[in-house]
Amino acid sequence: MFRADLHTHTMYSGDSSTTLEEFCNAFSASELALIAVTDHLTIKGAQLLQERLGECVVVGQEFRVKEGEMIGLYIHERVPPGLTGVEAARRIREQGGLTYIPHPNDQRRTSMAFESVVALAEKGLLDIVELGNSKLPQLTLSHDERQLLLGAGVSFSSSSDAHVPQALGSSYTTLPLLPLSASDLRKALMDPACRLSHSHFDPPRPWKARIVPSS
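Residues numbered from 1 in each chain as written. Predicted model: local features only at pLDDT ≥ 70, side-chain atom pairs only at ≥ 80, totals over all residues. Heavy atoms only, no water.

Section: the side chain of His103
Within the fold, His103 resides in the loop between β5 (98–101) and α4 (114–122). The buried category is assigned to His103, whose relative accessible area is 1%. A polar contact of 2.7 Å, which involves the side chain of His103, links it to the side chain of Ser111. Setting aside its immediate chain neighbours within four residues, His103 contacts His7, Glu62, Glu69, Arg109, Ser111, Glu130, Asn133, Leu136, Thr140 and Asp161. (Helix = DSSP H or I, 4+ residues; strand = E, 2+ residues; numbered from the N terminus. Buried < 20%, exposed > 50% of the residue type's maximum accessible area, 1.4 Å probe, protein only. Polar contact = N/O pair within 3.5 Å; in protein donor to acceptor, adjacent residues only side chain to side chain. Contact = heavy atoms within 4.5 Å.)

Re the nonpolar core
Ranked by size, the top nonpolar core spans 46 residues in total, and within it Met70, Ile101, Leu120, Leu126, Val129 and Leu149 carry the most contacts. If you list the elements that add at least two residues to this core, you get α1 (20–29), β2 (32–37), α2 (44–53), β3 (57–65), α3 (85–94), α4 and β6 (128–133). The contacts of Leu149, once residues within four sequence positions are left out, are Phe114, Val117, Val118, Ala121, Val129, Leu141, Val154 and Phe156. In terms of nonpolar packing, the next biggest core, distinct from the first, is built from 17 residues, Leu34, Leu73, Ala182 and Ala188 among them. (Core = buried A, V, L, I, M, F, W, Y, C linked by side-chain atoms within 4.5 Å.)

A few points about the sheet that holds strand β4 (residues 68–73)
Across the sheet, nine strands lie side by side as β7-β6-β5-β4-β3-β2-β1-β8-β9; this open sheet has mixed pairing. Edge positions in the sheet fall to β7 (155–159) and β9 (195–197), since each has one partner strand and no second. The average undirected angle you get between the axes of adjacent strands in this sheet is 30 degrees. (Pairing = 2+ DSSP bridges. Axes fitted to C-alpha atoms, helices over the stretch in contact; angles between N-to-C directions.)

The structure is reproduced here in structure tokens:
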């Protein structure tokens, strides 16, 4: 069984204080086997970390669509903000990637409402919905909402949304196999042996003097 954290950030996000060196050290000290780096509006930090750590790093990006926020996993080109969810999902799929909805229904952030999530799922353009997010004390979807999405072929994850090094892996998804591709991850998440572990952990971000890269 392999632990995966599919939603994390580095200082390339602009709202995270984690340097690449801190990220590498925290990942090495964790029990994670797979980690997706999903900075806001850029894939640069993810690409640099993949060069350092190898294929255990999934290149991703978090960005806003008209309905809320979305993540693309296993992408190699940046997705611009401001598209509709359908347009963005199609761009992710064209790259061979997976569409992932982070923290749905969270009214404190520009999160996607459940109705918009369902609309994407019904069009066959949604792969993963984040059920556990470490910034939230509770799961993002009710039992009935989960059952509706399962019927549409959607899988679920639990992820840290880490913006500081110590939060990496605070919530995670346990997979029965170590994915080497987008299709592998999709298969692993749909496996009955897949397990989600959610923990509410959102420590403050220690802002220090540092050079923040321009993206």
